[in-house]
Amino acid sequence: MKRKMYFTVIICLFFAIASGCSSQAGNSSEEGSKGKDEQTLVLAAYGGSYEQKMKEVLIPEFEKEHGVKVKYITGSSVDTLSKLQAQKDKPQIDVAFLDDGPQAQAKAFGLLAPLDEEVVTNLANVYDIAKDKDNVGVGFGIISTGLAYNKELFEKNGWEPLTSWNDLSDPKFKGKLVLPSIANTYGIHMLLMTAIANGGSEENIEPGFEKLKEIAKNAVTFDKTADVSNYFLQGQTVASAWGSSRVYTLQDTGFPIEYVIPKEGVPALMPTISVIKDAPNAELAQEFVNFILGEEAQELFANALFDGPVNKNVKLEGDITNKVVYGEDQIAKLIKVNWEVVNQKRAEWTERANKEIEVAH
């Protein structure tokens with residue numbers, strides 16, 4: 001009887017040990033899988049030329065330098081903001097590239113984490129215009145939104161170059177303009193600048209709406225993608241409100257497009273980079289932000305994508321200095337949008353623009 005009980009105890013101990021080993025193996029497997037996942041940085045960023053240059057040069061270098069992988073999710077700022085909101089309770093994105101307007105919204109929604117200055121050491125070299133007062137995200141490039149026009153068609157028709165935001169309301173452009181929708185940053189900028197050009201401001205937007213109603217009479221459509229290059233290439237628009245970097249990117253292909261800084265001035269448009277709150281790979285995300293603010297990455301953004309460098313130590317030479325916002329003197333001339341004011345009114349303005357301008361035109 002005792003032998004039988006002893007045998008039974010031995011068997012139970014065997015299965016207990018086996019079960020424990022199995023459990024440990026399972027945990028080890030899960031931890032290994034988790035460790036591997038933590039080495040894949042998930043980046044949500046712009047498509048087009050940004051995606052191409054990032055994947056060609058910057059991402060491979062970061063992967064090699066840190067021994068990690070980077071997963072690139074393409075999307076506009078509005079698309080990325082929607083993803084971040086949907087994933088708020090369980091973020092799947094580590095780093096997001098957003099225009100400064102949507103970035104301010106993401107901050108207000110509590111979707112972003114502060115930058116760690118001990119990791120993001122390049123933050124010390126960044127111009128003030130690109131910094132957030134709470135260090136929640138940072139601008140990594142400086143662009144301006146001005147006017148673009150087809151130089152060849154203007155000369156063919158005997159038209160003078162554009163000099164003012166109000167020039168877009170000239171009746172000679174009827175049926176010849178594709179303009180940015182208020183759904184994107186260029187559209188918000190156009191509304192603000194037509195307001196400023198006619199005595200208004202962020203707090204007094206009415207002059208902008210009145211002028212846009214005139215301008216809309218010349219519009220074929222309002223583009224929501226923020227990329228009107230095809231409209232220029234196909235001859236559907238002779239002019240538009242557009243970002244300097246995109247204009248010069250198209251000009252670089254040989255297309256006869258010109259960029260104009262109107263007499264009333266131009267607003268700063270800053271593509272920003274932010275670490276997502278509760279990001280799966282928070283420390284690696286901070287390191288990626290520091291990498292993007294480094295001199296090498298900043299030079300690439302300037303020379304390949306026409307983004308003005310935010311790092312004060314970057315030195316540019318040659319023709320590129322005429323095509324990007326470069327240095328304190330040029331930065332000082334830009335109009336910095338008060339996104340806290342704008343975003344409080346943005347939904348109201350969007351609804352009104354849709355009803356009174358974009359649909360009614």
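Residues numbered from 1 in each chain as written. Predicted model: local features only at pLDDT ≥ 70, side-chain atom pairs only at ≥ 80, totals over all residues. Heavy atoms only, no water.

As recorded in an unreviewed UniProt entry, the chain goes by the name ABC transporter substrate-binding protein, listed as coming from Metabacillus herbersteinensis.

Trainee: Looking at this structure, how should I read the overall build of the chain?
Mentor: Of regular secondary structure, the chain possesses 13 helices and 12 strands. Within the chain, buried positions represent 51% of all 361 residues. Carbon and sulfur atoms provide 50% of the accessible area of the chain, an area that totals close to 17,600 Å². (Helix = DSSP H or I, 4+ residues; strand = E, 2+ residues; numbered from the N terminus. Buried < 20%, exposed > 50% of the residue type's maximum accessible area, 1.4 Å probe, protein only. Areas by Shrake-Rupley, 256 points an atom, 1.4 Å probe, with all protein chains shown as cover.)

Trainee: Explanation requested: helix α11 (residues 295–305) in the structure shown.
Mentor: Considered for burial, the residues of α11 that qualify are A297, Q298, L300, F301, A302 and L305. On its buried face, α11 is in contact with α2 (48–66), β3 (95–99), α9 (244–251) and α10 (282–292). Positive phi appears at F306, one or two residues downstream of α11, with a value of about 60°. (Contact = heavy atoms within 4.5 Å.)

Trainee: Is there a simple way to explain the packing of helix α7 (residues 206–216) against helix α13 (residues 339–358) in this structure?
Mentor: Two elements in contact, α7 and α13, have axes separated by 11 Å at closest approach and are oriented at 30°. One element, α7, and the other, α13, form an angle in the roughly parallel class. As for the relative orientation of α7 and α13, their crossing is right-handed in sense. Counting all contacts with α7, which are made through E206, F209, E210, L212, K213 and A216, the residues of α13 involved are W349, R352, A353, E356 and I357. Classifying every residue of the contact of α7 with α13 by side-chain character gives 6 nonpolar, no polar and 5 charged. (Axes fitted to C-alpha atoms, helices over the stretch in contact; angles between N-to-C directions. Parallel < 35°, antiparallel > 145°, perpendicular 65-115°, else oblique. Left-handed = near helix turned anticlockwise from the far one by under 90°. Nonpolar A, V, L, I, M, F, W, Y, C, P; charged D, E, K, R; others polar.)

Trainee: Just to check I follow, could you spell out the confidence of the model for the chain for this structure?
Mentor: Detail in the predicted coordinates should be disregarded across regions flagged by low pLDDT. Residues at a pLDDT of 70 or more form 89% of the chain, whose mean pLDDT is 90. Note on residues 1–37: pLDDT is under 50 here. Beyond four places in sequence and across chains, it has 1 contact. (pLDDT = per-residue confidence, 0-100.)

Trainee: I tried to follow a negative patch on the surface on my own but got confused; where do I start?
Mentor: There is a patch of like negative charges on the surface, built from E65, E295, E296 and E299. When residues in the negative patch are grouped by element, the largest group, 3 residues, is from α11. On the secondary structure map, E65 appears in helix α2. Of the residues examined, E65 reaches a relative accessible area of 53% and is grouped as exposed. (Patch = residues over 30% accessible without salt bridge, like charges linked within 9 Å, V, L, I, M, F, W, Y side chains within 5 Å. Salt bridge = Lys/Arg side-chain N within 4 Å of Asp/Glu carboxyl O. Lys, Arg positive; Asp, Glu negative; His and termini not counted. Charge placed at Lys NZ, Arg CZ, Asp CG, Glu CD.)

Trainee: Help me understand the pairing of strand β6 (residues 143–150), please; the structure alone is not making it clear to me.
Mentor: Each regular strand carries side chains that alternate between the two faces of the sheet. A large share of β6 lies buried, amounting to 8 of its 8 residues. Taken together, the 2 bridges between β6 and strand β11 (residues 268–269) define a ladder with antiparallel strand orientation. In the strand pairing of β11, S144 is matched with A268. For β6 and strand β9 (residues 239–243), the ladder comprises 5 bridges, and the chain directions are antiparallel. Pairing of T145 across the sheet is with G243, part of β9. In this sheet, strand β10 (residues 257–260) lies alongside β6 in antiparallel orientation, the contact comprising 4 bridges. For A148, the partnering residue across the bridge sits in β10 and is Y259. (Pairing = 2+ DSSP bridges.)

Trainee: Sorry if this is basic, but what is going on with the packing of aromatic side chains here?
Mentor: Each aromatic ring pair is specified by the distance between its two centres and by the angle formed by the two planes. Taken as a whole and assessed by the stated rule, the structure comprises 17 aromatic pairs. Through a chain of ring-to-ring contacts, the aromatic side chains of Y46, Y50, F97, F140 and F301 assemble into a single cluster. Residue placement shows R352 over the ring face of F209; its charged tip is 4.1 Å from the ring centre. (Phe/Tyr/Trp six-rings, centres within 6.5 Å; stacked < 30°, edge-to-face > 60°. Lys NZ or Arg CZ within 6 Å of the ring centre and 35° of its normal.)

Trainee: Is there a simple way to think about α7 in this case?
Mentor: Each turn of an α-helix holds 3.6 residues, which means side chains three or four residues apart point in the same direction. Buried within α7 we find P207, G208, F209, K211, L212, I215 and A216. Residues of α7 that are buried in the fold lie against β7 (177–180), α6 (185–196), β8 (219–223) and α13.

Trainee: In this structure, what is going on with unusual backbone geometry? I would like to understand it.
Mentor: Apart from glycine, the bulk of residues carry a negative phi angle, and the bulk of peptide bonds sit in the trans form. The phi angle at D278 is positive, at roughly 60°, despite the residue not being glycine. You can see D278 is positioned in the loop between β12 (271–276) and α10. According to the relative accessible area criterion, D278 is exposed, its value standing at 60%. Residues other than glycine seldom take positive phi values, yet F306 does so here, at roughly 60°. Looking at the element boundaries, F306 is found in the loop between α11 and α12 (328–332).

Trainee: Please clarify how the packing of α6 against α13 should be interpreted in this entry.
Mentor: Axis angle and axis distance: for two packed helices, these are the angle between their axes and the distance between the axes, and together they describe the pair. It is the contact of α6 with α13, at a shortest axis distance of 12 Å, that shows an interaxial angle of 100°. The angle between α6 and α13 falls in the class roughly perpendicular. Contact with α6, carried on its side by T185, I188, H189, L191 and L192, involves W339, V342, R346 and W349 of α13 and no other residues of that element. Residue classes in the contact of α6 with α13 are distributed as 6 nonpolar, 2 polar and 1 charged.

Trainee: How should I be thinking about the pattern of salt bridges in this particular structure?
Mentor: In total, this model carries 14 salt bridges according to the counting rule given. With its nearest N and O atoms 2.7 Å apart, the salt bridge here joins D134 to K107. Of the two residues, D134 sits in the loop between β4 (112–113) and β5 (138–139) while K107 sits in helix α4 (residues 100–108), which places them 27 residues apart along the sequence. Looking at D134, the relative accessible area reads 44%, which means it is partly exposed. Here K133 and E340 are joined by a salt bridge, their closest N and O atoms 3.3 Å apart. Placement of K133 in the loop between β4 and β5 and of E340 in helix α13 is noted, with a sequence separation of 207 residues between them. Members of the salt-bridge network, linked through shared partners, are E206, E210, K213, R352 and E356.

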